[in-house]
Amino acid sequence: FGDRVLHGKKVVVSAGPTYEDIDPVRFIGNRSSGRMGFAVAEAAAQAGAQVTLVAGPVGLASPPNIAKRIDVRSAAQMHAAVTEAAADADIYIGAAAVGDYRPNTIAAHKLKKQAGAELTLQLAENPDILASLSAQRAHPFLVGFAAETQNVESYARDKLQRKGLDMIAANQVGDGMGFETADNAITLYWVDGSAELPRADKAILARQLIEHIASRYKAVRG
Ligand code: C5P
């Protein structure tokens, strides 16, 4: 980024999975590695932004040059950390794979196996972090991710509209791409346009994504 397209902007990025504890030794999680979000945070910092990275449980070192990293575990913790960090941010990029549900209660002690019986877990819905930000009167420019296995464009455009986002980065999960992989391919959608970012290393994709976010941000927020 010769021209540091996000110079002086405050950018918050969420990355990684969330873990929802069942008891002291078990949790419900997902296969997000956090690599895409960390690459996006690194690219935003390279573009001159002051970056706060809110990370779920991942085994990744912080990218160089980010201003702040906040480690969280559950969706509720991520929601709280993002809400606080995004209060004075210009751009929020939600690259985390936030769990949709959490166990109703977290058992204080390890659950014991009841041989021969079924076990039912009661789940409560988690808050939607992006949707809750977009419901606030003044909110940052909002970018979401959509990992889909089918009907990528229609699901992504629906999400863009339903969650009140400025942009959405959709990727097809599968074919050796998406979670836990070094490569990805993204189609970006906004209200009146789209852009194809073909299969590439996540670091390269992240830089392209930041270029598009910066130009769209300038178009709608000056
Ligand atoms: O609806 P879906 O989970 O597929 O949407 C994905 C996008 O929404 C991602 O950007 C993710 O970070 C965000 N999200 C969120 N809060 C949730 C669930 C998803 O911010 N509870």
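Note that the coordinates shown come from a computational prediction; the quantities given were computed from them, not determined experimentally.

Bringing the overall build of the protein into the picture now. Looking only at helices and strands, the protein features five helices and twelve strands. Relative to its length of 222 residues, the protein is compact, with a C-alpha radius of gyration of 18 Å against a globular reference of 17 Å. Projected onto its principal axes, the C-alpha positions of the protein cover 65 × 35 × 35 Å. Going through the 222 residues of the protein one by one, you find that 46% of them count as buried. Counting contacts in the protein only where the partners sit at least 6 residues apart, residues at least 24 apart contribute 62% of the total.

Next up on the list: the site of the ligand. Surrounding the ligand, one finds Gly-94, Ala-96, Val-98, Asp-100, Pro-127, Asp-128, Ile-129, Leu-130, Gly-144, Phe-145, Lys-159 and Lys-163. Between an oxygen atom of the ligand and a main-chain N or O atom of Phe-145, the distance comes to 2.8 Å. Summarising the interface, the protein chains cover 85% of the accessible area of the ligand, which totals 450 Å² for the free molecule. For the shell around the ligand, the secondary-structure elements that each account for two or more residues are helix 3 (129–134) and strand 9 (141–148).

Two elements in contact, helix 1 (residues 35–46) and helix 5 (residues 202–221), have axes separated by 8 Å at closest approach and are oriented at 55°. Accordingly, the angle class assigned to the pair helix 1 and helix 5 is oblique. Two packed elements cross with a definite hand, and for helix 1 against helix 5 that hand is right-handed. Across the interface between the two elements, Arg-35, Met-36, Ala-39, Val-40, Ala-43, Ala-44 and Gln-46 from helix 1 touch Lys-202, Ala-203, Leu-205, Ala-206, Arg-207, Leu-209 and Ile-210 from helix 5. Taken together, the residues that form the contact of helix 1 with helix 5 break down as ten nonpolar, one polar and three charged.

Averaged over all residues, the pLDDT of the protein is 94; the fraction at 70 or higher stands at 96%. Quick note on the complex model: pTM equals 0.95, ipTM equals 0.96.

Compared with the 16 Å implied by 1.5 Å per residue over twelve residues, the 16 Å span of helix 1 between its first and last C-alpha is a close match. Counting buried positions along helix 1 gives nine out of twelve residues, so the element sits mostly inside the fold. Backbone geometry just after helix 1 places Gly-48 at a positive phi near 100°.

By size, the foremost hydrophobic cluster in this structure holds 41 residues, and its most contacted members are Leu-6, Val-40, Ile-93, Phe-145, Leu-188, Ile-210 and Ile-213. With eight residues, the top contributor of residues to this core is helix 1. Once residues within four sequence positions are removed from consideration, Phe-145 is found in contact with Met-36, Val-40, Ile-93, Gly-94, Ala-95, Ile-168, Ala-169, Asn-171, Ile-186 and Leu-209. Counting residues in each nonpolar core, the second largest holds 23 residues, with Val-12, Val-72, Ile-168 and Ala-170 among its members.

Cut-offs applied
Residues numbered from 1 in each chain as written. Predicted model: local features only at pLDDT ≥ 70, side-chain atom pairs only at ≥ 80, totals over all residues. Heavy atoms only, no water. Helix = DSSP H or I, 4+ residues; strand = E, 2+ residues; numbered from the N terminus. Rg over C-alpha atoms; globule rule 2.2 N^0.38 Å. Buried < 20%, exposed > 50% of the residue type's maximum accessible area, 1.4 Å probe, protein only. Contact = heavy atoms within 4.5 Å. Near = heavy atom within 4 Å. Polar contact = N/O pair within 3.5 Å; in protein donor to acceptor, adjacent residues only side chain to side chain. Areas by Shrake-Rupley, 256 points an atom, 1.4 Å probe, with all protein chains shown as cover. Axes fitted to C-alpha atoms, helices over the stretch in contact; angles between N-to-C directions. Parallel < 35°, antiparallel > 145°, perpendicular 65-115°, else oblique. Left-handed = near helix turned anticlockwise from the far one by under 90°. Nonpolar A, V, L, I, M, F, W, Y, C, P; charged D, E, K, R; others polar. pLDDT = per-residue confidence, 0-100. Expected span 1.5 Å × (residues − 1). Core = buried A, V, L, I, M, F, W, Y, C linked by side-chain atoms within 4.5 Å.

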